[in-house]
Amino acid sequence: MDQVEITHEILEIWIEITHEMLEIWVEITHEMLEIWVEITHEVLEIWVEITHEVVEITHEMLEIWVEITHEVLEIWVEITHEVLEIWVEITHEVLEIWVEITHEVLEIWVEITHEILEIWVEITHEVLEIWVEIIHEIVKVEIIHEVLSLE
């Protein structure tokens, strides 16, 4: 055999080996992909189960939150109602006290005003008496002048 024939045979053997290696590689790759698909499928099933459980837990938590919020709001409404009732009572009492104080202040004001008016009336009376005396004196003097002038 010459060199070309030997090279040709070596190439044929190399091609057969390469072909067999590729077939083995394709089989292994196929098996690996099947395993990967199964694992991925199992992981996704577990993920779906976990997600479902998380959704259920979240739903339960929201129901509990709604119940608690409702109870808290009911308590808040009750407390607010009680506080407003107390505020109304206190406001009523404060207004009653204010009315009493205002009444007393007005009574004092009326008394003071009455006393001031009495004093004013007395002063006015005295001033009028003095004024009448002055006018009387003026009239007397004029009458005397007239009488004197007639004589």
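Structural data are supplied above this passage.
Residues numbered from 1 in each chain as written. Predicted model: local features only at pLDDT ≥ 70, side-chain atom pairs only at ≥ 80, totals over all residues. Heavy atoms only, no water.

> In this structure, what is going on with the overall build of the protein chain? I would like to understand it.
The helix and strand inventory of the protein chain stands at 1 helix and 0 strands. The C-alpha atoms of the protein chain give 61 Å as radius of gyration, which overshoots the globular expectation for 151 residues (15 Å, by more than 25%). Each principal axis of the C-alpha atoms in the protein chain carries an extent, and together these give about 200 × 45 × 15 Å. Element-wise, carbon and sulfur atoms account for 71% of the exposed surface of the protein chain, whose accessible area totals about 14,800 Å². (Helix = DSSP H or I, 4+ residues; strand = E, 2+ residues; numbered from the N terminus. Rg over C-alpha atoms; globule rule 2.2 N^0.38 Å. Areas by Shrake-Rupley, 256 points an atom, 1.4 Å probe, with all protein chains shown as cover.)

> Whenever I open this one, the pattern of salt bridges confuses me. Can you help?
Two side chains with opposite charge may pair up if their charged atoms get near one another. Evaluation of the coordinates by the stated rule reveals 1 salt bridge. Glu137 is the salt-bridge partner of Lys140, the closest N and O atoms lying 3.7 Å from each other. A residue pair is termed a helical-turn pair when its members lie 3 or 4 positions apart in one helix, as Lys140 and Glu137 do in helix α1 (residues 3-150) at 3 residues. In this structure Glu137 comes out as partly exposed when scored by relative accessible area, which is 43%. (Salt bridge = Lys/Arg side-chain N within 4 Å of Asp/Glu carboxyl O. Buried < 20%, exposed > 50% of the residue type's maximum accessible area, 1.4 Å probe, protein only.)

> Just checking my understanding: could you explain a nonpolar patch on the surface for this structure?
On the surface, a nonpolar cluster with roughly 860 Å² of combined accessible area is contributed by Ile13, Ile17, Met21, Ile24, Ile28, Met32, Ile35, Ile39 and Val43. Along the chain, Ile28 turns up in helix α1. (Patch = residues over 30% accessible without salt bridge, like charges linked within 9 Å, V, L, I, M, F, W, Y side chains within 5 Å.)

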